[in-house]
Amino acid sequence: MIARICKARATPARMREYEAYLKSTVASERAGIHCYQGVTLLQRDRNGAVEVTVITWWDSLDAIRAFAGEAIENAVVHDSAARMLVDFDRGVEHHEVAFDQ
């Protein structure tokens, strides 16, 4: 399994909106993608802002390519989601899951 990790920042007020968007739109859109396994949203307060980490779970890098295109290191953030964020990293990280219990 591959973890695709994207980081962003949001205001506390917009974080609730972003969380709802992720649950209602992103999760449902991606649920139909072959080899997509789910999403995890992490957040923490950092100096009055909210640091956001979104981890999507995939069966393989090929599955990610089918979703993101050949430039898999580029973040895929819809315009509507970007408007809810203060900013977001343009690049993502991919990690192979070595152990998960």
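Located above this text is the structure these notes cover.
The model shown is predicted, which means the values in this text are computed figures rather than measured ones. (Residues numbered from 1 in each chain as written. Predicted model: local features only at pLDDT ≥ 70, side-chain atom pairs only at ≥ 80, totals over all residues. Heavy atoms only, no water.)

Engineer: Would you take a moment to explain the environment of E93 for this structure?
Structural biologist: With respect to the helices and strands, the residue E93 is situated in strand β5 (residues 93-96). Here the alpha-carbon distance between E93 and I5, two residues 88 residues apart in the chain, equals 5.1 Å. The contact partners of E93, leaving out residues within four places of it in the chain, are A3, R4 and I5. Of the polar contacts made by the side chain of E93, one reaches the side chain of H95; its length is 2.9 Å. (Helix = DSSP H or I, 4+ residues; strand = E, 2+ residues; numbered from the N terminus. Contact = heavy atoms within 4.5 Å. Polar contact = N/O pair within 3.5 Å; in protein donor to acceptor, adjacent residues only side chain to side chain.)

Engineer: I'm lost on the environment of S60 in this one. Help?
Structural biologist: When you line up the elements, S60 lands in the loop between β3 (49-58) and α2 (61-68). In the structure, S60 is positioned 24 residues away from Y36 in sequence and 8.9 Å away in space, judged by C-alpha atoms. Side-chain polar atoms of S60 contact the backbone nitrogen of D62, separated by 3.4 Å.

Engineer: Even after reading the chapter, I still don't get the nonpolar core, so can you show me in this structure?
Structural biologist: Side chains of nonpolar character tend, in soluble globular proteins, to be buried together. Membership of the largest hydrophobic core comes to 14 residues, with the highest contact counts inside it found for M15, Y18, V52 and L85. When residues in this core are grouped by element, the largest group, 5 residues, is from helix α1 (residues 12-31). I2, Y36, I64 and I72 belong to the second largest nonpolar core, which has 7 residues in total. (Core = buried A, V, L, I, M, F, W, Y, C linked by side-chain atoms within 4.5 Å. Buried < 20%, exposed > 50% of the residue type's maximum accessible area, 1.4 Å probe, protein only.)

Engineer: How do you make sense of the side chain of R4 when you look at a structure like this?
Structural biologist: Note that R4 resides in strand β1 (residues 2-10). Salt bridges are absent for the buried R4, whose nearest opposite-charge side chain, E73, sits at 6.8 Å. (Lys, Arg positive; Asp, Glu negative; His and termini not counted. Salt bridge = Lys/Arg side-chain N within 4 Å of Asp/Glu carboxyl O.)

Engineer: What should I look at first to understand unusual backbone geometry in this one?
Structural biologist: Glycine aside, negative phi is the norm for most residues, and most peptide bonds take the trans geometry. The backbone of C35 shows a phi angle near 75 degrees, a positive value even though the residue is not glycine. The topology assignment puts C35 in the loop between α1 and β2 (36-46). In the Ramachandran plot, N47 falls in the positive-phi region, its phi being about 55 degrees despite a non-glycine side chain.

Engineer: Is there a simple way to think about the pattern of salt bridges in this case?
Structural biologist: Here the structure, examined in full by the defined rule, presents 7 salt bridges. For the salt bridge of E51 with R44, the shortest nitrogen-to-oxygen distance reads 2.6 Å. One salt-bridge network, in which partners are shared between bridges, spans R9, D87 and D89.

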